[in-house]
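The residues making up each chain are set out below.
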Amino acid sequence: MTEISLDDARSADPVERLLEDSWRERARSGHARELLVEAVAGLLLLAVAVPLALAAVASNDVDWGRAALLVALYALTSRMVKFPLGAGYVVPSYLVLVPMLLLLPPGLVPLLTVAGLVVGTTGLALVRRVPPERVLLAVPDAWHALGPAAVILVLGRSGSAAELAAIYLSAFVAGCVLDLVSGAVRELAISGVASSVQLRVQALVWMIDACIAPLGLLVAHAMRDGSLEGLLILPLCFLLLMVSRDRSARIEQAQQRLELVAHERTRLQTAVGRLGEALAAKLDLDALSDIVLRGSVEALDASCGMLALSGLDAAPVVEIGDLAGAEEALASAAGAAQAEGEARQVEHAGVWALALPFGFATESGETLGAVTVARAGRPFRQDEQLVMQGLVDRARTAAADIVTHQRLREQAYTDALTKLGNRRKLMADTDELIAAATSEDPLVLILFDLNGFKSYNDTFGHQAGDRVLQRAGARLAGAVARYGGAAYRLGGDEFCAVLAIEAGELDQALAAASGGLEERGENFAVTPSVGAVMIPQEASTLDQALQVADERMYAHKRRRASLAGDQAREVLMRIIHAKQPALQERSTDVARMCLRVGRRMGLEEPVLDELVRAAELHEVGKVGIPDAILHKSEPLTEAEWAFVKQHTLLGARILGAVPALAETASIVRATHERWDGEGYPDGLQGEQIPIAARVISACDAYEAMREGRSYRTSRSAPDAVSELRRGAGSQFDPAVIAALVLELRDLAAGVQSADTTAVALRTEQTSRRLRDAFGGEDGFSLAKIG
């Protein structure tokens with residue numbers, strides 16, 4: 001009799017096979033070669049760690065209470081919490097190693113790590129969890145602490161945030177490299193594990209350590225003021241302990257199943273092999289049902305069989321062989337087994353049928369069913385029933401896992417609020433569609449962002465906002481379904497649609513989809529900004545398509561906001577002119593100079609637009625200050641000066657009432673802040689001040705000095721420039737002053753830059769933009785969206 005090969009059911013992954021090969025060896029005593037190699041490695045480590053520790057103790061005051069607590073915590077995390085990986089374990093040692101490195105002398109840390117490992121292993125040996133010689137084998141496991149300790153010892157633990165980040169990263173890399181070298185040498189010397197497999201195992205360990213190390217930083221931060229805060233990691237350790245024990249138990253169960261498969265009889269080879277393939281390949285329930293039934297028929301030498309399930313959305317019904325003449329026996333046995341919950345065998349017209357219940361429970365409820373096989377002329381023996389029972393039991397567990405996995409997959413691909421597909425679903429759906437798209441049969445991807453939704457959400461509450469998203473998602477799905485498309489919610493108020501349509505249908509489809517996302521009511525309006533891209537004409541991958549569509553969508557949004565902002569700007573400029581004609585004239589001069597300085601500094605066009613708009617409106621708050629104060633020829637009193645200081649806040653409130661001028665409002669608010677932080681109203685300092693506000697502050701100061709005030713005479717250009725230079729670094733941004741001085745020099749020399757357009761022309765440009773936006777059709781063509 002030929003035994004079933006264990007390789008048929010084993011993992012194909014080298015790391016998993018290494019875990020399987022070494023599983024039974026983990027609990028056994030180390031052999032002579034292993035003890036010798038580990039002893040040499042431990043002695044070498046101690047030869048380095050002991051001198052470092054002695055030097056550290058001699059040159060530093062050591063908080064031995066904190067050190068003892070960290071050693072105890074390290075013993076707990078490194079020996080109680082262990083996750084099997086490759087030929088060894090991975091432990092969350094960085095939870096405690098990082099606080100050791102940051103709170104204790106670095107030279108002492110390797111020896112304390114050895115102490116923690118020895119203490120933890122000794123405790124396990126005392127309760128007979130590991131053989132006594134494992135205490136010796138624990139010493140060389142501390143090699144990983146030597147690398148980061150050496151780096152921190154050399155580079156120190158102080159510096160800027162960037163320098164500290166570089167030091168910590170260097171320490172982590174040093175630990176990884178030293179751990180790789182020591183582990184690889186020891187594994188090769190002990191078991192001859194291939195270096196490529198060892199490197200893969202080590203890479204997984206590094207990934208886990210990299211995830212745990214930031215938690216170690218938090219623990220170190222918590223322990224700076226007191227050592228007992230380190231005990232806060234105990235709940236996490238116990239959670240990890242439960243997870244590691246559960247993983248080990250599952251691995252043990254899997255190992256036992258592998259060993260059981262190795263002793264199955266020859267006629268189970270095909271059935272069990274197919275079941276193993278089903279589990280390894282994560283097949284769907286239909287495929288598993290076919291494998292279980294076919295394996296049962298072949299294992300029991302039956303002539304036909306049937307498997308039926310109920311209680312699922314798409315419950316499989318599988319039939320194998322010629323059921324003619326066996327239908328009555330099959331149905332009777334299946335009904336009895338399902339009703340009684342145990343194996344039943346019946347005979348009808350010389351046909352024997354054996355049925356086993358195949359129901360299982362999932363989160364969504366109980367699934368009922370039966371696996372039934374039949375043959376003519378002879379009943380099924382008890383041992384055959386046991387063979388089928390073992391196969392069905394394994395398949396039942398696998399089926400429950402598959403159903404759970406499928407439901408989790410559906411949840412992972414579905415937006416919980418709108419029930420539309422999410423970004424992950426979009427990626428899965430479009431892979432094949434993009435590959436198949438051609439110029440003749442293009443794919444259109446459309447992005448939508450809801451304008452006004454945040455305001456609606458803030459006004460009416462999140463529940464009302466969720467209902468708006470649900471209605472919008474349903475309408476969008478219905479609109480694109482008419483064109484054979486699919487709708488997705490990518491997050492927040494951002495939606496997406498993918499359609500395979502002809503170019504001639506694009507405008508109509510865009511209008512329908514956009515209309516589905518629009519919702520209006522009393523005192524609110526939610527409308528979409530749109531960006532669309534043709535695939536493959538404009539993008540060949542999903543990432544490219546999303547990037548292009550996103551750029552077009554936000555260009556569409558900015559165009560709407562810019563038009564609204566320009567309209568509001570014109571109204572406010574008229575208010576300023578009516579109240580204080582001189583303010584408008586001077587604001588225009590300031591805006592002209594700001595534009596020149598901004599261009600010289602290389603500011604991008606969107607920033608320049610906001611800069612000029614804020615410069616034109618930065619005095620709007622002065623409309624609320626009495627003329628008697630503004631035009632007073634004597635110096636202002638403290639009360640009057642405090643009143644004048646309110647004009648930036650008043651201007652920000654006026655502008656902030658217009659959503660399209662929200663960014664302008666924040667700039668105007670900061671125009672009287674100082675580079676040294678002594679300005680008002682918020683005391684911002686340096687680059688905390690928006691760049692546009694820094695430019696306006698300098699240009700406004702120059703224009704004020706040149707123009708003069710009711711309480712002081714004007715200054716000459718050289719005097720004004722000298723004053724600006726004296727204020728660079730205290731009142732003004734030095735970079736802005738440098739650019740302003742260069743512009744003033746060019747102006748004095750009569751140099752006219754091709755970039756400097758008179759701000760007076762902006763009124764005509766704004767009018768033209770308004771005519772272009774509202775004078776024509778408001779369609780949804782790609783040209784307009786782009």
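Values in this document were obtained by computation on a predicted structure and should not be read as measured data. (Residues numbered from 1 in each chain as written. Predicted model: local features only at pLDDT ≥ 70, side-chain atom pairs only at ≥ 80, totals over all residues. Heavy atoms only, no water.)

**Here we look at a nonpolar patch on the surface**
Part 1 of the argument: Together, Leu169, Val173, Val177, Val181 and Val185 make up a nonpolar patch on the protein surface, roughly 430 Å² of accessible area in all.
Part 2 of the argument: You can see Val185 is positioned in helix α8 (residues 161-190). (Patch = residues over 30% accessible without salt bridge, like charges linked within 9 Å, V, L, I, M, F, W, Y side chains within 5 Å. Areas by Shrake-Rupley, 256 points an atom, 1.4 Å probe, with all protein chains shown as cover. Salt bridge = Lys/Arg side-chain N within 4 Å of Asp/Glu carboxyl O. Helix = DSSP H or I, 4+ residues; strand = E, 2+ residues; numbered from the N terminus.)

**What to know about helix α4 (residues 94-103)**
Part 1 of the argument: With respect to burial, α4 is a largely interior element, 10 of its 10 residues being buried.
Part 2 of the argument: Listed as buried for α4 are Tyr94, Leu95, Val96, Leu97, Val98, Pro99, Met100, Leu101, Leu102 and Leu103. (Buried < 20%, exposed > 50% of the residue type's maximum accessible area, 1.4 Å probe, protein only.)

**Some details on the sheet that holds strand β9 (residues 443-451)**
Part 1 of the argument: The strand order β10-β11-β9-β13-β12 describes an open sheet built from five strands, whose pairing is antiparallel. Edge positions in the sheet fall to β10 (486-491) and β12 (519-521), since each has one partner strand and no second. Strand-to-strand twist across the sheet, computed as the mean angle between neighbouring axes with direction ignored, equals 20 degrees.
Part 2 of the argument: Across nine bridges, the pairing between β9 and strand β13 (residues 524-535) is antiparallel. Each bridged residue has a counterpart across the sheet, and for Leu443 the counterpart in β13 is Ile535.
Part 3 of the argument: Contacting β9, β10, β11 (494-499) and β13, helix α15 (residues 423-436) crosses the sheet at an angle of about 135 degrees to β10.
Part 4 of the argument: Those strands touched by helix α18 (residues 506-517) are β9, β11, β12 and β13, and its axis lies near 145 degrees from that of β13. (Pairing = 2+ DSSP bridges. Axes fitted to C-alpha atoms, helices over the stretch in contact; angles between N-to-C directions. Contact = heavy atoms within 4.5 Å.)

**A look at the nonpolar core**
Part 1 of the argument: Counting 48 residues, the largest nonpolar core has Tyr94, Val96, Leu97, Met100 and Leu112 as its most contacted members.
Part 2 of the argument: Those elements giving two or more residues to this core turn out to be α2 (32-59), α3 (64-79), α4, α5 (109-126), α7 (143-155), α8 and α9 (195-223).
Part 3 of the argument: Excluding residues that lie within four positions of it along the chain, Met100 makes contacts with Leu70, Val71, Tyr74, Val109, Leu112 and Thr113.
Part 4 of the argument: Counting residues in hydrophobic clusters, the runner-up holds 40 residues, among them Ala665, Ala670, Cys699 and Leu724. (Core = buried A, V, L, I, M, F, W, Y, C linked by side-chain atoms within 4.5 Å.)

**So, the side chain of Asp733**
Part 1 of the argument: Its location among the elements puts Asp733 in the loop between α27 (717-727) and α28 (734-749).
Part 2 of the argument: For Asp733, a relative accessible area of 7% translates into the label buried.
Part 3 of the argument: A polar atom in the side chain of Asp733 sits 3.0 Å from the backbone nitrogen of Ala735.
Part 4 of the argument: Asp733 has contacts with Trp675, Ile691 and Arg694, leaving out every residue within four places of it along the chain. (Polar contact = N/O pair within 3.5 Å; in protein donor to acceptor, adjacent residues only side chain to side chain.)

**Points about the confidence of the model for the chain**
Part 1 of the argument: When pLDDT is averaged across the chain, the result is 77; 77% of the residues are at 70 or more.
Part 2 of the argument: Residue range residues 1-9 is modelled with pLDDT below 50. Its contacts to residues more than four positions away, or to other chains, number 16 contacts.
Part 3 of the argument: The low-confidence segment residues 752-786, where pLDDT is below 50, has 56 contacts with residues more than four positions distant or belonging to other chains. (pLDDT = per-residue confidence, 0-100.)

**Comments concerning the pattern of salt bridges**
Part 1 of the argument: Taken as a whole and assessed by the stated rule, the structure comprises 23 salt bridges.
Part 2 of the argument: The salt bridge involving Lys454 is made with Asp458; its shortest N-O contact spans 3.0 Å. Residue Lys454 and its partner Asp458 are located together in helix α16 (residues 453-460), separated by four residues, close to a single helical turn. Residue Lys454 shares its accessibility class with Asp458, and that shared class is exposed.
Part 3 of the argument: Between Arg520 and Glu518 there is a salt bridge, with its nearest N and O atoms 2.7 Å apart.
Part 4 of the argument: Given the relative accessible area of 33%, Glu518 is considered partly exposed.
Part 5 of the argument: When salt bridges with common partners are traced through the structure, they connect Arg596, Arg600, Glu743, Arg745 and Asp746 into a single cluster.

**As for the packing of α3 against α4**
Part 1 of the argument: Running from N to C, α3 and α4 point in directions that differ by 160 degrees, and their axes come no closer than 9 Å. In terms of orientation, α3 lies roughly antiparallel with respect to α4. You can see that α3 and α4 cross each other, and the crossing is left-handed. Residues Arg66, Leu70, Val71, Leu73, Tyr74 and Thr77 of α3 touch α4, and the partners they reach there are Val96, Leu97, Pro99, Met100 and Leu103.
Part 2 of the argument: Broken down by class, the residue content of the contact of α3 with α4 amounts to nine nonpolar, one polar and one charged. (Parallel < 35°, antiparallel > 145°, perpendicular 65-115°, else oblique. Left-handed = near helix turned anticlockwise from the far one by under 90°. Nonpolar A, V, L, I, M, F, W, Y, C, P; charged D, E, K, R; others polar.)

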